[in-house]
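Below are the chains, spelled out letter by letter.
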Amino acid sequence: MEQVTLKINGMTGDHCVSVIRSALLESSGVSAVEIHFKEGNADVTFDSNKVSLTALQEIVKNQGYVVS
């Protein structure tokens, strides 16, 4: 398992946190997501044999947020 911190721009409240967390957890290979709204980032624990960092970033982008 690997862990990455994604910097996410555009979160405005609890609904955004819920949407991002749900989308990431639906991905095969993601085992944990911790979102830090005030810091604007998410710690994601994942199996790199099942999902790539690029795929994780795309999941967040597809929800309407900017990942940097």
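Predicted model only: the values in this text are computed from it and were never measured.

S.K.: In this structure, what is going on with the side chain of Asp 43? I would like to understand it.
M.R.: Looking at where Asp 43 falls in the secondary structure, it is placed in strand β3 (residues 41-46). At a separation of 2.9 Å, a polar atom in the side chain of Asp 43 contacts the side chain of His 36. Excluding residues within four positions of it along the chain, Asp 43 makes contact with Gln 3, Val 4, Thr 5, Ala 32, Val 33, Glu 34 and His 36.

S.K.: Sorry if this is basic, but what is going on with the pattern of salt bridges here?
M.R.: Pairing between side chains of opposite charge can happen when the charged atoms of each approach one another. One pass over the structure, following the stated rule, counts one salt bridge. Two residues, Lys 61 and Glu 58, come together in a salt bridge whose shortest N-O distance is 3.8 Å. Placement of both Lys 61 and Glu 58 in helix α2 (residues 53-62) is noted, with a separation of three residues, approximately one turn of the helix.

S.K.: Would you explain the packing of helix α1 (residues 14-25) against α2 in this entry?
M.R.: When two helices pack together, you describe them by how their axes are tilted relative to each other and by the distance separating the axes. In contact at an axis separation of 9 Å, α1 and α2 are set at 140° when each is read in the N-to-C sense. For the element pair α1 / α2, the angle class is oblique. In the packing of α1 onto α2, the handedness of the crossing is right-handed. Along the contact surface, α1 presents Ile 20, Ala 23 and Leu 24, while α2 presents Leu 56, Ile 59 and Val 60. For the contact of α1 with α2, the per-class residue count stands at six nonpolar, no polar and no charged.

Cut-offs used in this document
- Residues numbered from 1 in each chain as written.
- Predicted model: local features only at pLDDT ≥ 70, side-chain atom pairs only at ≥ 80, totals over all residues.
- Heavy atoms only, no water.
- Helix = DSSP H or I, 4+ residues; strand = E, 2+ residues; numbered from the N terminus.
- Polar contact = N/O pair within 3.5 Å; in protein donor to acceptor, adjacent residues only side chain to side chain.
- Contact = heavy atoms within 4.5 Å.
- Salt bridge = Lys/Arg side-chain N within 4 Å of Asp/Glu carboxyl O.
- Axes fitted to C-alpha atoms, helices over the stretch in contact; angles between N-to-C directions.
- Parallel < 35°, antiparallel > 145°, perpendicular 65-115°, else oblique.
- Left-handed = near helix turned anticlockwise from the far one by under 90°.
- Nonpolar A, V, L, I, M, F, W, Y, C, P; charged D, E, K, R; others polar.

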